[in-house]
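Descriptive analysis of the structure
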Amino acid sequence: PRPHILYILADDLGFADVGFHGSDIRTPNLDRLAAEGAELAQFYTQPLCTPTRAALMTGRYPLRYGLQVGVIPSGAGYGLDTDEFLLPQALSAAGYRTALVGKWHLGHADKKYWPRQRGFDSFYGPLVGEIDHFEHEAHGVTDWYRDDALVREEGYDTDLFGAEAVRLVGAHDPGTPLFLYLAFTAPHTPFQAPQSYLDLYPDIADPSRRAYAAMITAMDSAIGKVVDALAARGMRRDTLIVFHSDNGGTRNKMFVGEGAVAGDLPASNAPLRDGKGSLYEGGTRVVALANWPGRIAPGQADGVMHVVDMLPTLARLAGADLARSKPLDGQDASP
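My aim in this report is to walk through the structure given alongside it, one point at a time. (Residues numbered from 1 in each chain as written. Predicted model: local features only at pLDDT ≥ 70, side-chain atom pairs only at ≥ 80, totals over all residues. Heavy atoms only, no water.)

**Some thoughts on the nonpolar core**
One finds L180, L182, I223 and F243 to be the most contacted residues of the largest nonpolar core, which totals 58 residues. When contributions to this core are tallied by element, the ones reaching two or more residues are β1 (4-10), α1 (28-36), β3 (97-102), α4 (157-171), β9 (178-183), α5 (195-198), α6 (207-232) and β10 (239-245). The element that contributes the greatest number of residues to this core is α6, accounting for 14 residues. The residues contacting F243, other than those within four sequence positions of it, are I8, A10, L13, L30, M219, I223, V287, A288 and L289. (Core = buried A, V, L, I, M, F, W, Y, C linked by side-chain atoms within 4.5 Å. Buried < 20%, exposed > 50% of the residue type's maximum accessible area, 1.4 Å probe, protein only. Helix = DSSP H or I, 4+ residues; strand = E, 2+ residues; numbered from the N terminus. Contact = heavy atoms within 4.5 Å.)

Laid out in C-alpha cells, this is it:
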C-alpha cells in the first residue's frame with residue numbers, strides 16, 4: 001500500500017539533544033517513535049539549512065544548481081532553480097495531497113520560488129531562514145504566509161505549526177494519500193520559548209541552554225499532537241513518519257544566523273566533532289528516525305543514508321514517476 005508520508009524536519013538540532021540519545025532534554029514523543037521504529041544511525045545531510053532542503057526536494061546535490069555554498073540570506077534575490085523537478089511535484093502527480101507547514105528557505109524574493117509554485121497544494125509558515133518565533137519577523141519585516149498571502153497572527157511558531165498540521169490531518173480524506181512536510185524552525189536561533197516550556201527546566205542555569213531545551217520539548221509536544229491526530233483519523237498505521245535535523249547543532253557563532261547571540265552556544269553534538277557549517281560529522285551526521293507501524297521493524301538501521309536518498313526512496317514507496325527529474329544523486333533506500 002502507498003503510505004501517507006509525514007516528513008518532519010528540525011532546524012539546527014544537536015545530535016545529542018534528544019532523549020533517545022541520552023539527553024536531559026525531554027523528547028518523549030520522538031523517543032517513542034524511535035523505539036517503535038528504526039533509528040537511522042548513519043544519516044547524513046549537508047552542513048547548512050538551504051543546501052539540505054534543496055537536496056531533499058531534488059534528490060540531487062546542491063552543487064548541481066548553485067546552492068552548495070551557504071544559505072539563502074534574507075536580502076538575496078535567488079532561489080532553487082525552477083528547472084529542478086521537486087519531490088512535491090512528483091508526489092502530486094502520483095495523486096498525493098501535498099502540504100508544507102513550516103520553514104521553506106529555498107527562495108523568497110520572487111513568487112516563482114515559493115512553495116505553491118513548486119508543487120505544494122498548501123503552504124503555511126515563513127519563507128526565509130530565521131524569524132522571531134513570537135513576532136514572525138525577520139529584520140522587522142513580517143514573514144508569515146498562508147499559501148501566497150501574507151498574514152499576521154499571534155502565537156509561538158512551533159505551536160502554530162503543530163496546530164496547522166493537526167488541522168490538515170483532521171480535514172484530510174484518508175482515501176487520498178497525504179504528503180505533509182512539517183518543517184519546524186526549532187531550535188534555530190533566536191532561542192525563545194513560552195514560559196510554560198521554560199518552567200520545565202528550572203535546573204538549567206544558562207538562559208540560552210534553558211530556552212534551547214524548551215524549544216526542543218515544544219517541538220516534541222507538537223509532533224505528539226500530530227501523531228495523535230493521525231491515529232484519531234484512522235491513518236496512523238498507514239503513515240510513514242520520517243524525522244531528522246537539517247544539519248548538526250550550532251557550535252560556531254559564524255553559523256548562528258543573521259541575529260547576534262550572546263553567551264555560549266547550547267547545542268551538543270557529542271560524541272561527534274564540531275557542528276553546523278562544518279564538514280565534520282557534528283555538522284553533517286544528524287538525529288534521524290523512520291517509523292511505519294507493521295512495515296519498519298523496531299531497531300537501529302546502521303546503513304549509510306544521505307538526505308538526497310529521500311526523494312527516490314519516497315517516490316518508490318509512493319509509486320511516483322521521476323522521468324522529469326534530472327539525473328539523481330540519491331539512491332532508493334526503501335529496503
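**So, the environment of L63**
Examined against the element boundaries, L63 turns out to sit in the loop between α2 (49-58) and α3 (87-93). On the basis of relative accessible area, L63 is assigned to the exposed category, the value being 51%.

**Quick notes on unusual backbone geometry**
Cis geometry is found at the peptide bond from A186 to P187, where omega equals -5 degrees. For P187, the position within the fold is in the loop between β9 and α5. Along the chain, T189 connects to P190 via a cis peptide bond; the corresponding omega equals -5 degrees. Counting through the fold element by element, P190 comes out in the loop between β9 and α5. With phi around 60 degrees, H105 is a residue other than glycine that occupies positive phi space. Mapped onto the secondary structure, H105 falls in the loop between β3 and β4 (122-125). A residue is classified by how much of its surface remains accessible, and H105, at 4% relative accessible area, is buried. Its identity as a non-glycine residue notwithstanding, H136 has a phi of 60 degrees, on the positive side. With respect to the helices and strands, the residue H136 is situated in the loop between β4 and β5 (137-138). On the basis of relative accessible area, H136 is assigned to the buried category, the value being 1%.

**Digging into the sheet that holds strand β8 (residues 149-150)**
In space, the 10 strands of this open sheet follow the order β8-β7-β4-β3-β9-β1-β10-β11-β2-β12, with mixed pairing throughout. Only two strands of the sheet have a single partner each, and these edge strands are β8 and β12 (299-306). Two strands pair when backbone bridges link them, and strand β7 (residues 145-146) and β8 are joined in this way by two bridges, in the antiparallel orientation. Within β8, the position partnered with R146 by the bridge is A149. In this fold α2 packs onto β1 and β9, with an angle of close to 175 degrees to the strand it touches most, β9. (Pairing = 2+ DSSP bridges. Axes fitted to C-alpha atoms, helices over the stretch in contact; angles between N-to-C directions.)

**Remarks on the pattern of salt bridges**
In this structure the tally under the stated criterion is 16 salt bridges. For E84, the salt bridge goes to R60, with nearest N and O atoms at 2.8 Å. Note that E84 is positioned in the loop between α2 and α3 and R60 in the loop between α2 and α3, a separation of 24 residues in sequence. Given the relative accessible area of 3%, E84 is considered buried. The closest approach of N and O atoms between R210 and D199, which form a salt bridge, is 3.9 Å. Taken together, the residues R210 in helix α6 and D199 in the loop between α5 and α6 connect sequence positions 11 residues apart. By relative accessible area, D199 is classed as partly exposed at 45%. What you see here is one network of salt bridges that share partners, running through D11, R53, K103 and D246. (Salt bridge = Lys/Arg side-chain N within 4 Å of Asp/Glu carboxyl O.)

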